[in-house]
Amino acid sequence: MVATAYSTMGVGVVGNTSGDKLIDLRSDTVTRPSAGMYDAMMSASVGDDVYGDDESVNALERGAADLLGKEAGLFLSSGTQSNLVALLTHCGRGEEAIVGNDYHIFTSEACGASVLGGIALCPLVTNESGGLTTDQVTAAVKDDDPHSPISRLLCLENTVSGKLQSPDSIKALSDTGRSAGLSVHIDGARLMNAVVALGVEANELAAPFDTVSLCLSKGLGAPVGSVLCGPQDFIRRARRNRKLLGGGMRQAGILAAGGSYALEHNVGRLAEDHANAKLLAEGLSVIPGLVTDVQTNMVFVGLPNNNAAELQVSLAGQGIIISAGFPSMRIVTHLDVSAADIECVIDAFTSFFKG
Ligand SMILES: *Cc1c(COP(=O)(O)O)cnc(C)c1O
């Protein structure tokens, strides 16, 4: 079996006996709400969001739409639900969405758009940087032919497994898709990591797209939720699809307040996660045999031998939780990991490989 980020759940978390705080590097989804975020959630003014009465949800949806330069926003339970609602709203049965073959929509969402929406996914092989070419997109768009699905949507992603997609390249891809008559969606689960790392405005990165999905529960540190932003009429139709999927939540303002807090307080600080990832990559690359690669908050560590499982157990004994991947292991920094924690992790790797 191929080791994935999910194949290691619970390892060490239960077995840890160090008694200290865990340093959990499996994903940026493992963060706990900060005291300030809890306060914001506890004092959130709420109402029944299915009636449109929840002021905190409404404020988050407006705030996210403003941030991304779109007309309207919709609060959803997860990034998967947000992408699914986007695809169901863009595409009908027998229509297709063109997507990178290692993008989350294709690899990690249980093919919901196909299962529930009768939508074909047309995967294009991404290059080493996670990108696609305009030629690939052009070649993938089908003629109006009864043998073929109807090409309707292009889905891009930024970041792609922590890799930055440049504003120029995504703009060119989006332009190509549009001139072929497609709508364009971006899975921006970690878009704010790209915004901070590239030093651009969020609305600039979002501008080439009709719709944008943004996760609040990754590096931004909220416990739950994503927002889908786009044109007013699209979001009105997306709201129906959210309801259809059982995603109409009631006093969801408790969660939305955490999301608004995240957008207000936790965007700029993503630079710390990127700096910590860089620090880690530099520390590990000194260890003979290890090769590291980092752009934002994910470090990929190439291992010389498949001793990932032993490494995982050894680190777990020291309160450090990682996913065991081979030949490349993914390590993720986030707001519950400090620079001092990174030094501990480097020390633990160093003594394991001295071994
Ligand atoms: C995590 C992730 C999602 C889905 O988010 P969930 O909230 O886990 O459903 C979608 N796209 C990308 C690129 C992601 O990394």
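This one's a predicted model, so the numbers in the text were calculated from it and none came from an experiment. (Residues numbered from 1 in each chain as written. Predicted model: local features only at pLDDT ≥ 70, side-chain atom pairs only at ≥ 80, totals over all residues. Heavy atoms only, no water.)

## Section: the pairing of strand S8 (residues 226–230)
Logical step 1: By the criterion of burial, S8 is predominantly enclosed, with five of the five residues buried.
Logical step 2: Taking every second residue as pointing to the same face, both faces of S8 are buried, with Ser-226, Leu-228 and Gly-230 on one and Val-227 and Cys-229 on the other.
Logical step 3: In this sheet, S8 lies alongside strand S2 (residues 72–76) in antiparallel orientation, the contact comprising five bridges. Counted as the bridge partner of Phe-75 is Val-227 from S8.
Logical step 4: Strand direction decides the pairing type here: strand S7 (residues 211–215) and S8, joined by four bridges, are antiparallel. Bridge pairing links Ser-213 to Leu-228 in S8. (Buried < 20%, exposed > 50% of the residue type's maximum accessible area, 1.4 Å probe, protein only. Helix = DSSP H or I, 4+ residues; strand = E, 2+ residues; numbered from the N terminus. Pairing = 2+ DSSP bridges.)

## Structural notes on the pattern of salt bridges
Logical step 1: Applying the stated rule across the entire model yields 15 salt bridges.
Logical step 2: Two residues, Asp-48 and Arg-250, come together in a salt bridge whose shortest N-O distance is 3.2 Å. Of this pair, Asp-48 sits in the loop between helix H1 (35–42) and helix H2 (55–68) while Arg-250 sits in the loop between helix H10 (232–244) and helix H11 (253–265), placing them 202 residues apart in sequence.
Logical step 3: Notably, a salt bridge pairs Arg-239 with Glu-61, separated by 3.3 Å at the nearest N-O pair. Placement of the pair is Arg-239 in helix H10 and Glu-61 in helix H2, with a sequence separation of 178 residues.
Logical step 4: Relative accessible area serves as the criterion here: at 32%, Arg-239 is assigned to the partly exposed category.
Logical step 5: Classification of Glu-61 by relative accessible area gives buried; the value is 6%. (Salt bridge = Lys/Arg side-chain N within 4 Å of Asp/Glu carboxyl O.)

## Here's the deal with the packing of helix H3 (residues 79–90) against H10
Logical step 1: Running from N to C, H3 and H10 point in directions that differ by 115°, and their axes come no closer than 9 Å. Crossing hand, H3 versus H10: right-handed. Along the contact surface, H3 presents Val-85, Ala-86, Leu-88, Thr-89 and His-90, while H10 presents Phe-234, Arg-237, Ala-238, Asn-241 and Arg-242.
Logical step 2: Classifying every residue of the contact of H3 with H10 gives five nonpolar, three polar and two charged. (Axes fitted to C-alpha atoms, helices over the stretch in contact; angles between N-to-C directions. Left-handed = near helix turned anticlockwise from the far one by under 90°. Contact = heavy atoms within 4.5 Å. Nonpolar A, V, L, I, M, F, W, Y, C, P; charged D, E, K, R; others polar.)

## Quick notes on the sheet that holds strand S6 (residues 183–188)
Logical step 1: Sheet architecture is open: seven strands sit in the order S2-S8-S7-S6-S5-S3-S4, paired in mixed fashion. Two strands bound the open sheet, and with one partner strand each, they are S2 and strand S4 (120–124). Averaged over all neighbouring strand pairs, the angle between strand axes comes to 20°, with direction disregarded.

## A look at helix H12 (residues 270–285)
Logical step 1: For H12, spanning 16 residues, the distance from its first C-alpha to its last is 23 Å, which sits close to the expected 22 Å at 1.5 Å a residue.
Logical step 2: Burial in H12 covers these residues: Leu-270, Asp-273, His-274, Asn-276, Ala-277, Leu-280, Ala-281, Gly-283 and Leu-284.
Logical step 3: Elements in contact with the buried residues of H12: helix H8 (191–198), strand S9 (291–294), strand S10 (298–302), strand S12 (328–332) and helix H14 (339–354). (Expected span 1.5 Å × (residues − 1).)

## Structural notes on the sheet that holds S12
In any sheet, the strands associate via hydrogen bonds between backbone groups, in a parallel or an antiparallel arrangement.
Logical step 1: Pairing in this open sheet of three strands is antiparallel, and the strands run S9-S10-S12 from one edge to the other. Each edge of the open sheet carries a strand with a single partner, namely S9 and S12. In this sheet, neighbouring strand axes are inclined to one another by 25° on average, regardless of whether the strands run parallel or antiparallel.
Logical step 2: Alignment of S10 against S12, held across five bridges, turns out to be antiparallel. Each residue of the ladder has a partner; that of Gly-302, found in S12, is Ser-328.

## Some remarks on the site of the ligand
Logical step 1: In the vicinity of the ligand, the contacting residues are Ser-78, Gly-79, Thr-80, Asn-83, His-104, Glu-109, Glu-157, Asp-187, Ala-189, Arg-190, Cys-215 and Lys-218.
Logical step 2: Between a nitrogen atom of the ligand and a side-chain N or O atom of Asp-187, the distance comes to 2.5 Å.
Logical step 3: Within the complex, 82% of the 380 Å² of free accessible area of the ligand lies under protein.
Logical step 4: A total of three residues in the shell around the ligand trace back to one element, the largest contributor, which is H3.
Logical step 5: Split by residue class, the shell around the ligand holds two nonpolar, five polar and five charged. (Near = heavy atom within 4 Å. Polar contact = N/O pair within 3.5 Å; in protein donor to acceptor, adjacent residues only side chain to side chain. Areas by Shrake-Rupley, 256 points an atom, 1.4 Å probe, with all protein chains shown as cover.)

## What about the domain arrangement of the protein chain?
Logical step 1: You can read the domains of the protein chain as domain 1 (3–28 + 268–354) and domain 2 (35–265).
Logical step 2: Once you take the C-alpha centre of each, domain 1 and domain 2 turn out to be 29 Å apart.
Logical step 3: Contact residues are listed per partner, giving 15 residues for domain 1 and 16 residues for domain 2.
Logical step 4: Interface area for domain 1 against domain 2, summed over the two sides, is near 1300 Å², with a carbon-plus-sulfur share of 55%.
Logical step 5: When the area that domain 1 buries against domain 2 is broken down by residue, the three leading residues are Asp-28, Leu-270 and Gln-295, summing to 41%. (Domains from an automatic or database assignment. Buried area = accessible area lost by both parts, 1.4 Å probe.)

## Overview of the packing of aromatic side chains
Logical step 1: Overall, the coordinates contain two aromatic pairs when judged by the stated rule.
Logical step 2: Measuring from centroid to centroid gives 6.3 Å for Phe-349 and Phe-353, while their planes differ by 20°, and the two rings are stacked. Placement of the pair is Phe-349 and Phe-353 together in helix H14, with a separation of four residues, close to one helical turn.
Logical step 3: Judged by its relative accessible area of 0%, Phe-349 is buried.
Logical step 4: A centroid spacing of 5.1 Å and a plane angle of 80° characterise the contact between Phe-352 and Phe-353, whose relative ring orientation is edge-to-face. (Phe/Tyr/Trp six-rings, centres within 6.5 Å; stacked < 30°, edge-to-face > 60°.)

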